[in-house]
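Structure at a glance
Here's the letter readout for the chains.
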Amino acid sequence: MKKLQYFLVLLSISSLFFSQQPKERTFNEIRENYQKMTIDDNSAMPYVRMYIEKAKNERNHLKLIQGYRDGRQFDYNNKIKYADSAITTSLKFGTKDDISKDYLSKGIIYYFYQKKYKPALNEYLKAYEYSKGSKDEYHHYKVIYHLGIVREHLGYYEEALEHFKDCAAFYSTKASPKMHENLKYNYMKAYYNSLHQMTVINRYLKNYKKTDSLSQLGYKLTIDKEDFALENSYFLKCIAILEFHKKNYIGAKADLEKALPVLLKRNDFAWSSVIYYYLGKIAEAQNQEKDAIHFYSAIDSIFEKHEFILPEVYRSYNFLIEYYKDKDISKQLYYTNQLLKADSLIAKDFPYISLKIHKDYDRNSLIEQRDDIEKTSRRKMLIAQILIFAGTIVLIILLVRYVKDLKIKKQYTLLQKRISEGAYDVKNLIAEESAEYATRKTSLTPEMTREIGEKLKKFENELLFTKKGLTQNSIASKLDTNSHYLSVYINENKGMNFNKYMAELRINYITKLLNTQNKYLNYTIEALAEECGIAARQNFSNLFFDINGIRPTDYIKKRKQELGLS
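What this report covers is the structure whose coordinates are included nearby. Treat the numbers as computed from the prediction; the structure is a model and nothing was measured.

Focus: helix α11 (residues 208–222)
Note on helix geometry: an α-helix contains 3.6 residues per turn, so any two residues three or four positions apart are oriented the same way. For α11, with 15 residues, the first-to-last C-alpha span of 21 Å sits near the 21 Å given by 1.5 Å per residue. Thr 211, Leu 214, Ser 215, Gly 218, Tyr 219 and Thr 222 are the residues of α11 that are buried. Take α11 and look down its axis: the buried residues cluster within an arc of 130 degrees, on one side only. Seen from the buried face of α11, the exposed residues on the opposite side, beyond 90 degrees, are Lys 209 and Lys 220. Turning to α11, the residues buried within the fold contact α10 (181–204), α12 (229–245) and α13 (249–265).

Next up, the structure:
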């Protein structure tokens, strides 16, 4: 009886002990603690680390990828670290879609948080390669969007605008009320961002009417929507800039000041610098020099902290340099040096825009100004020499580009002359050098020479050489002869070997098409190679250069310029 009592006591104690053990939380339960937190909210990280640890312990690789992605989203100071972990895990255990998404996210970190466009582009291109053939249309267009962002910042506005038009059309038409709340949010956010970029580019292209309609549309769609406060501030900024151009300085200033806090909260220092720039321009217009200095100095602070500056705000340094002239030589020197530093950075990251800036702001005058400062302060001699050297390097780079363009132009002119004079075809040497031909030693009888020549002429006239995969043997078979006789004929009558003969036929053919039919000027290099029977793009480009002395891309560019099509 006592044994039974002891057993019952032990059973109740063990039951009580196990009932007090905490129940292990599921992945979904852990994520519920932070799923709706704002991006970069570091308070989410204890739960994220718990999620990652659980995934590691259970060897659940798909959940581990998700955990690293969550870390990338919320840990502001370690985004690249978590991005690399997500990529490594996706490459080992994930799908092509997983890999593409993680490369894209790393590129976004470079773009949005660090404004490093070249590393961002590298990640976007990797994401694009892995997204090929994917059924995930949302992600595909997300990649397209971010490639458009890089094109925009490199100054290729028309091309970037097409990216954003495609994205806006997709995200607006595919969004559905039946979607899950999170998915619908993603679609709407992508749509608003595409609209914003279209607004910005149209302003760069001076399509102000279009800019106005797009910015008003975006503002109305996002107003009073807490989830889209950042996007609303973007559109408000665009509206304010248009107000500035209309000289409505009071309205522009009010809208800019309203948009700025949201951008600063999200650490979007790029667009914050644009707001500072236009606040400075308004202060200039209202003769409030101290306010202008304050706002332009804020741009310089961003440049110093992040080593980043947009070409749009570049001219703020002109005002600063001029303001401190004859007032404070040390600050004049500082801002002149900052301007040259910014110039070098823009020349590296924004090659197309940089050339336009050089046209708008004469670098020589900047160097002369430096010389004047040097006379008043000999202690700054070393700095002046360094700056002059930097300017010389930039000028040398521009000169090298200029010489290259001259060479391309010369080769294009020579090629056009050959074509117009009829000296471009693959001709038969017999007609031109009959006396010399008579003394040649040949293994072909006159009858064989005549027969192969007639058949080969028909082969050329019917453009049979444009077929892919032709060999000396296959052509000899078509001509009802053997490859040896064909080789002898081509060597003796065309003055070249078989491969050179085929290359010249094909390149001459495609060059004439480019020269006479404008539609071919819009073909890709791959399509042109296909048209003339050459299998590989690089092989086509190399043969075109060997025979014509100019790359096909350069020839097309020059031809379009000549015809006024560019």
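Here we look at the packing of helix α15 (residues 289–306) against helix α16 (residues 316–324)
Running from amino to carboxyl end, α15 crosses α16 at an angle of 125 degrees, the nearest separation of the two axes being 10 Å. Viewed along their axes, α15 and α16 adopt a mutual orientation that is oblique. Viewed along their axes, α15 and α16 form a crossing whose handedness is left-handed. Residue-level inspection shows Glu 289, Ala 292, Ile 293, Tyr 296, Ser 297, Ile 299, Asp 300 and Phe 303 of α15 in contact with α16, the latter providing Ser 316, Tyr 317, Phe 319, Leu 320, Tyr 323 and Tyr 324. Along the lines of polarity and charge, the residues of the contact of α15 with α16 split into 10 nonpolar, two polar and two charged.

What about the side chain of Arg 72?
Along the chain, Arg 72 turns up in helix α4 (residues 61–74). Here Arg 72 falls in the buried class, since its relative accessible area comes to 11%. Separated by 3.1 Å, the side chains of Arg 72 and Asp 102 make a polar contact. A distance of 3.2 Å separates the side chain of Arg 72 from the side chain of Ser 105, its partner in a polar contact.

The rules behind these values
- Residues numbered from 1 in each chain as written.
- Predicted model: local features only at pLDDT ≥ 70, side-chain atom pairs only at ≥ 80, totals over all residues.
- Heavy atoms only, no water.
- Helix = DSSP H or I, 4+ residues; strand = E, 2+ residues; numbered from the N terminus.
- Expected span 1.5 Å × (residues − 1).
- Buried < 20%, exposed > 50% of the residue type's maximum accessible area, 1.4 Å probe, protein only.
- Arc of directions from axis to C-beta.
- Contact = heavy atoms within 4.5 Å.
- Axes fitted to C-alpha atoms, helices over the stretch in contact; angles between N-to-C directions.
- Parallel < 35°, antiparallel > 145°, perpendicular 65-115°, else oblique.
- Left-handed = near helix turned anticlockwise from the far one by under 90°.
- Nonpolar A, V, L, I, M, F, W, Y, C, P; charged D, E, K, R; others polar.
- Polar contact = N/O pair within 3.5 Å; in protein donor to acceptor, adjacent residues only side chain to side chain.

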